[in-house]
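# Structural characterization, general
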Amino acid sequence: MVFSWINWGLGLIVGALLAREVGKQAYYRGVAIHYPAVVTAGYTGLGMIWHWGLSASAPLLSATEGHFLADLIGIIPTSQTIFSVYALGLSVLSIIFVVAVMYAISPSDPKLCRGIDHYAPHLLEEREEEKKIELKTIADKLENSVLIGLILALMGIIYIVYYFAVLQKGLNLNIVNFTFLFIGLLLYLRPIRYLRAFYNAIPSSAGIVLQFPFYAGIMGMIKYSGLGKIMAGWLIKISTPTTFPIVAWLKQNSEPDL
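Residues numbered from 1 in each chain as written. Predicted model: local features only at pLDDT ≥ 70, side-chain atom pairs only at ≥ 80, totals over all residues. Heavy atoms only, no water.

## Quick word on the environment of Ile 13
Heads up, the condition is: The way it works is that DSSP assigns letters per residue, a run of H or I at least four long becomes a helix, a run of E at least two long becomes a strand, and they are numbered from the N terminus. Buried, partly exposed and exposed residues are distinguished by accessible area as a fraction of the type maximum, computed with a 1.4 Å probe on protein chains only: under 20%, between the cut-offs, and over 50%, respectively.
Of note, Ile 13 is situated in helix H2 (residues 8-29). Exposure remark for Ile 13: the relative accessible area of 49% places this residue in the partly exposed category. Considered as a pair, Ile 13 and Phe 3 are 10 residues apart in the sequence and their alpha carbons are 9.3 Å apart.

Below, the structure is given as structure tokens:
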């Protein structure tokens, strides 16, 4: 329901995926749940709260200049609709009400609960026990380091706070993707686990989605810190009129295609 308040489409997808994962984890851990109730809970956001949230059609339309009813009602800011005490209060009450209803309709007797194995056994897979990794090399230690993952995640979170609090910029596609990327790293902490999760989720494009933002960040630091000019000066100093074209060609082909 919280994700549906943010965006009805996001809530629809998150609710469905979350319901399925809750069903699978309950089966693996031997927890008795009634899967139909879980699925119903996953779709409550679409029916109960999205029209009070950030993607509500009527409030957003009435806050847009030049809308078709502007001559009759004028421009109504979202402070009077989505972010009003009335709308926010109804959103909170809706969440409390739905939680209570979901609790009430769930069978109290574990024998009456039918899990995901009853309705969708094809979603279950055999799970191998996680093997203890021997950290033999420096690379193994770095990619399994919680400290490195935490430092990187905190750097991203600090920039997100700086972006909104200091720069006072609004939402756009870049900051949304950036936020999800570093919140995900904060949840996993170990870089190698985060990498594996990416490849399990989107194997065909995981490398681009995960690595390219870091490539761009590295190139940005090199460019705007002045390090790029310093490195170019080093190349010029060791080059001659004859060798400079080769050095320039090697440098160009060694950079990622951004």
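## Topic: the layout of surface pockets
For the record, the criterion: Two kinds of site are reported from a 1 Å grid over the protein atoms alone, namely cavities, where a 1.4 Å probe fits but cannot get out, and pockets, open sets with protein on both sides within 12 Å along at least five of seven lines, and residues are called lining when an atom falls within 4 Å of a point. Grid points are joined across faces, edges and corners, and a volume is the space filled by probe spheres set on the points. Under this grouping Gly is polar, as are all residues other than the nonpolar Ala, Val, Leu, Ile, Met, Phe, Trp, Tyr, Cys and Pro and the charged Asp, Glu, Lys and Arg.
In this model, the second largest pocket occupies a volume close to 530 Å³. In terms of lining, the second largest pocket is formed by 26 residues, of which the most central are Ala 37, Val 38, Ala 41, Gly 42 and Met 102. Going through the elements one at a time, helix H1 (2-6), H2, helix H3 (35-42), helix H4 (44-48) and helix H7 (85-105) are the ones with two or more residues in the lining of the second largest pocket. Considering every element that reaches the lining of the second largest pocket, the biggest residue donor is H2, with 6 residues. When grouped by side-chain class, the residues that make up the lining of the second largest pocket number 18 nonpolar, 8 polar and no charged.

## Notes on the packing of aromatic side chains
To be explicit about the condition: Pairing of aromatic side chains here covers Phe, Tyr and the six-membered ring of Trp, requires ring centres within 6.5 Å, and sorts the geometry by plane angle: under 30 degrees stacked, over 60 edge-to-face, intermediate tilted.
Inspection of the entire model under this criterion finds 12 aromatic pairs. A ring pair is formed by Trp 52 and Tyr 86, whose centres lie 6.1 Å apart and whose planes are at 80°; its orientation type is edge-to-face. In this pair, Trp 52 sits in the loop between H4 and helix H5 (57-62) while Tyr 86 sits in helix H7, placing the two residues 34 residues apart along the sequence. Look at Tyr 159 and Tyr 162: their rings are 6.3 Å apart centre to centre, the planes differ by 40°, and that puts the pair in the tilted class. One end of the pair is Tyr 159 and the other is Tyr 162, both in helix H10 (residues 146-165) and 3 residues apart, which spans about a single turn. Taken together, Tyr 159, Tyr 162, Tyr 163, Phe 164, Phe 178, Phe 182 and Phe 214 form an aromatic cluster joined through their ring pairs.

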